[in-house]
Amino acid sequence: MISLIGSWGGLLAIAFSALAFTGEMPFPGYIAAIPVFGTALILPCHDANRRGPIPQVH
């Protein structure tokens with residue numbers, strides 16, 4: 001259950017970054033931590049044996 005929540009949370013953080021960041025924001029800077037944190041959540045939480053928001057690529 002925690003891996004599923006972590007995967008979805010990471011995906012939401014990355015999606016938020018893609019949709020909310022504008023050219024006027026100071027990037028890279030502290031704002032870059034949002035997509036990095038999202039990726040850091042997805043990588044250890046993804047379980048190849050379960051279905052979740054991130055499909056397994058073969």
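Residues numbered from 1 in each chain as written. Predicted model: local features only at pLDDT ≥ 70, side-chain atom pairs only at ≥ 80, totals over all residues. Heavy atoms only, no water.

Participant: Give a detailed account of the overall build of the protein chain, specifying residues and quantitative values.
Facilitator: When you go through the protein chain residue by residue, the secondary structure sums to two helices and zero strands. When burial is assessed residue by residue, the protein chain has 21% of its 58 residues classed as buried. Looking at the protein chain alone, contacts between residues at least 24 apart form 68% of all its contacts between residues at least 6 apart. Total accessible area computed for the protein chain in this model is approximately 4,400 Å², and 71% of it derives from carbon and sulfur atoms. (Helix = DSSP H or I, 4+ residues; strand = E, 2+ residues; numbered from the N terminus. Buried < 20%, exposed > 50% of the residue type's maximum accessible area, 1.4 Å probe, protein only. Contact = heavy atoms within 4.5 Å. Areas by Shrake-Rupley, 256 points an atom, 1.4 Å probe, with all protein chains shown as cover.)

Participant: Break down the packing of helix 1 (residues 2-20) against helix 2 (residues 33-45) for me, citing the residues and quoting the values.
Facilitator: With their axes 7 Å apart at the nearest point, helix 1 and helix 2 run at an angle of 155 degrees to one another. Taken as axis vectors, helix 1 and helix 2 run roughly antiparallel relative to one another. Taken as a pair, helix 1 and helix 2 cross one another with a handedness that is left-handed. Residue-level inspection shows Ile2, Ser3, Gly6, Ser7, Gly9, Gly10, Leu11, Ala13, Ile14, Phe16 and Ser17 of helix 1 in contact with helix 2, the latter providing Ile34, Pro35, Gly38, Thr39, Leu41, Ile42 and Cys45. Classifying every residue of the contact of helix 1 with helix 2 gives ten nonpolar, eight polar and no charged. (Axes fitted to C-alpha atoms, helices over the stretch in contact; angles between N-to-C directions. Parallel < 35°, antiparallel > 145°, perpendicular 65-115°, else oblique. Left-handed = near helix turned anticlockwise from the far one by under 90°. Nonpolar A, V, L, I, M, F, W, Y, C, P; charged D, E, K, R; others polar.)

Participant: Mind laying out the environment of Met1, listing which residues take part and the relevant values?
Facilitator: Summarising the element assignment, Met1 is placed in the segment before helix 1. Residues Met1 and Cys45, spaced 44 residues apart in sequence, show a C-alpha to C-alpha distance of 9.8 Å.

Participant: Which residues make up helix 2, and what values do they have?
Facilitator: With 13 residues, helix 2 extends 18 Å between its outermost C-alpha atoms, agreeing within 8% with the 18 Å of an ideal straight helix rising 1.5 Å per residue. Three or more residues of helix 2 are buried, namely Pro35, Gly38, Ile42 and Cys45. Angularly, the buried residues of helix 2 cover 110 degrees about the axis, an arc narrow enough to put them on a single face. Those residues of helix 2 that are exposed and angled more than 90 degrees off the buried face are Val36, Phe37, Leu43 and Pro44. Where helix 2 is buried, its residues meet helix 1. (Expected span 1.5 Å × (residues − 1). Arc of directions from axis to C-beta.)

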